[in-house]
Amino acid sequence: MEKTLSIIKPDAVKKNVIGKIIDRFESNGLRIAAMKKVQLSQSDAQEFYAIHKSRPFFNDLVTFMVSGPVVVMVLEGLNAVAKNRELMGATNPKEAAAGTIRADFAESIDANAVHGSDSLENAEKEIKFFFAEREIC
């Protein structure tokens, strides 16, 4: 069983589609092992997305991620990283396959509804960023 991190971003939280997104995960074989709603600070967002620090979109990404609360989850299941990424769809919702989370709920490449770990190694780091071991059931 793999674990991966998923974040429902501020745009999707504002749209009140948290439950609809969670249903996509659960209906497709992923189990929620941990979940919480948090408001990221500027420093939290900068640290979490530090891998993108040299990219031109970094400051806009940080500003967006602190614009409202997010829902962070540990998803667990067979091939959880790949399954979550498949369910999310392409980063740009205009390129995302019909029926994916981003095709259905995202507004733009910047406000794209969800984040998901891109590898097992990153999933482990990202999960530790948000969750203590005792919070994961």
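Definitions and limits used
Residues numbered from 1 in each chain as written. Predicted model: local features only at pLDDT ≥ 70, side-chain atom pairs only at ≥ 80, totals over all residues. Heavy atoms only, no water. UniProt positions renumbered as here; feature names shortened; annotations may be inferred. Buried < 20%, exposed > 50% of the residue type's maximum accessible area, 1.4 Å probe, protein only. Helix = DSSP H or I, 4+ residues; strand = E, 2+ residues; numbered from the N terminus. Pairing = 2+ DSSP bridges. 1 Å grid on protein atoms, 1.4 Å probe; cavity = no way out; pocket = protein on both sides within 12 Å on 5 of 7 lines; lining within 4 Å. Contact = heavy atoms within 4.5 Å.

For the chain, an unreviewed UniProt entry supplies the name Nucleoside diphosphate kinase and the organism Helicobacter canadensis MIT 98-5491. Its UniProt record, at the heading Sequence similarities (unreviewed entry), says of the chain: "Belongs to the NDK family." The annotation that UniProt attaches to the chain under Function (unreviewed entry) is "Major role in the synthesis of nucleoside triphosphates other than ATP. The ATP gamma phosphate is transferred to the NDP beta phosphate via a ping-pong mechanism, using a phosphorylated active-site intermediate."

(A) Structural view of the pairing of strand β1 (residues 2–8). Counted residue by residue, β1 has five buried out of seven residues, so it is predominantly covered. In this sheet, strand β3 (residues 70–77) lies alongside β1 in antiparallel orientation, the contact comprising seven bridges. By the bridge assignment, Glu2 is partnered in β3 with Gly77. The pairing of β1 with strand β4 (residues 114–116) spans three bridges and is antiparallel. Paired with Ile7 across the strands is His115, a residue of β4.

(B) Spatial organisation of the UniProt feature "binding site: ATP" (unreviewed entry) in the chain. Taking the UniProt record as the reference, the feature "binding site: ATP" (unreviewed entry) is found at Lys9, Phe57, Arg85, Thr91, Arg102 and Asn112. Residues that both appear in the annotated list above and line the largest pocket are Lys9, Phe57, Arg85, Thr91, Arg102 and Asn112. Note on Phe57: relative accessible area 33%, which makes it partly exposed. Judged by its relative accessible area of 5%, Arg102 is buried. Beyond its immediate sequence surroundings of up to four residues, Arg102 is in contact with Met88, Gly89, Ala90, Thr91, Pro93, Ala96, Asn112, Val114 and His115.

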